Every structure is written in structure tokens, then in C-alpha cells.
Amino acid sequence: VRIDEGIPRGICWSGVIVSDDGYVLSRGPFGSGKLVKVHLSDGRTVSAKTLGWSMEWVISVSKIVDEGVWPYVEIGSTKEARVGQPCVVIGYAPRGDTKYDRAPSVGYGAIEHLDASNWLTTTCVVSAFQYPPIFSMDGKLLGIAVHRIDSAEVVTAADVFTENWMTWRRVR
């Protein structure tokens, strides 16, 4: 999904819906209690409330406030991932017209380095995106890109989300 603060021609973030009740993960920073717009690839725009973000992991959690059951991506794990494993990045440009730029772009690469289920780096080309989610080849979320070091994207691993999921869901 593409997330923006509702400011015309403002910066947009890439994110991903991770539950059918509308929890959204993205790279922070979003403060708590702010309303943002979430643009789905099918053209719908819905509202979400930011619940907070982790300074350590640079991940923001939001919750869609509109009624509905939402399409979502299953959160995967990097515990059994390996260096060289292919991965896909799907995201949006940091700026764009949400009326005409609805479709996300896709990049391909491989896991370059793994660090104890907390961080990984990937060779996925994401410079055209605003900190996008990274997916395994079976479509599960591996993590969210949060920093760039040289030619590698530093990604907060999906295991960080699952280990903290119940805490994040309690924050409403």
C-alpha cells in the first residue's frame, strides 16, 4: 500500500497490510494518533490511525479505521532464510499522483546478509521506492527496508514483527 499524510504532493511511504482487520506496517516515523491515508492498489483510499513506531526497529504500526475486511500479506520468517535466497520488493515512489500512479513497482534481488532474525540486507533494487516491504518468493513478508548502506538495503526482519505483534496490537 501507499501511505501519505494527506498533504498534496507530500512524501508517500510504502507499507503492507498484515491482518484482515487492517493493521499496516511501514517504515517510521509516524507519531501516535495521526490520521493518514492508505491507498490500495485497486484504487481505494482508506483512513488509518497511526499507533506508534519503534525507534529501535524503525517500524511504524497503523490501523485502518474504515469498516471492512482487508486483503493482507502473511508475515513470514527469516529464521530459515539463507544468503543468496531470492526476494522481491514491491513499493511505491516517494512522491507521485495517487490517481495515476496506483500500481506498485516490483524489484528483484537476493538476501545478502542475515543477522539473528533481527536484520538482513538484500540486493533488491529499492532506490526508486520509499522504504518498501521485502517478500519471499512465496509471497510472505520478510521485512521492511529501513536504511541504505552502500549498495545494500538494511531490512528489519519479519521476526521482529511477530515477536512484538501482541504488544503492537494492544496499542489502539
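A short tour of the structure in this document, coming up. Nothing here was measured: the structure is a model prediction, and the numbers come from that model.

Description of unusual backbone geometry
Okay, step 1: Of note in this structure, V58 is not a glycine but carries a positive phi near 60°.
Okay, step 2: Of note, V58 is situated in the loop between strand 5 (45-54) and strand 6 (59-64).
Okay, step 3: The exposure class assigned to V58 is buried, which follows from its relative accessible area of 8%.

A word on the pattern of salt bridges
Okay, step 1: Overall, the coordinates contain 2 salt bridges when judged by the stated rule.
Okay, step 2: For the salt bridge of R44 with D42, the shortest nitrogen-to-oxygen distance reads 2.9 Å.
Okay, step 3: When its relative accessible area of 49% is taken as the criterion, D42 is described as partly exposed.
Okay, step 4: K140 is the salt-bridge partner of E74, the closest N and O atoms lying 3.7 Å from each other.

Concerning the environment of D138
Okay, step 1: Within the fold, D138 resides in the loop between strand 10 (133-135) and strand 11 (141-149).
Okay, step 2: A polar atom in the side chain of D138 sits 3.5 Å from the backbone nitrogen of K140.

Focus: the sheet that holds strand 7 (residues 86-91)
Okay, step 1: In spatial order, the strands read 7-8-9-12-11-10; together these 6 strands close into a barrel with antiparallel pairing. Strand after strand, the sheet turns through a mean of 45° between neighbouring axes, direction not considered.
Okay, step 2: The sheet contact formed by strand 8 (residues 105-115) and strand 9 (residues 119-122) spans 4 bridges and is antiparallel. Across the sheet, the residue bridging to D115 is W119, located in strand 9.

Conventions adopted
Residues numbered from 1 in each chain as written. Predicted model: local features only at pLDDT ≥ 70, side-chain atom pairs only at ≥ 80, totals over all residues. Heavy atoms only, no water. Helix = DSSP H or I, 4+ residues; strand = E, 2+ residues; numbered from the N terminus. Buried < 20%, exposed > 50% of the residue type's maximum accessible area, 1.4 Å probe, protein only. Salt bridge = Lys/Arg side-chain N within 4 Å of Asp/Glu carboxyl O. Polar contact = N/O pair within 3.5 Å; in protein donor to acceptor, adjacent residues only side chain to side chain. Pairing = 2+ DSSP bridges. Axes fitted to C-alpha atoms, helices over the stretch in contact; angles between N-to-C directions.

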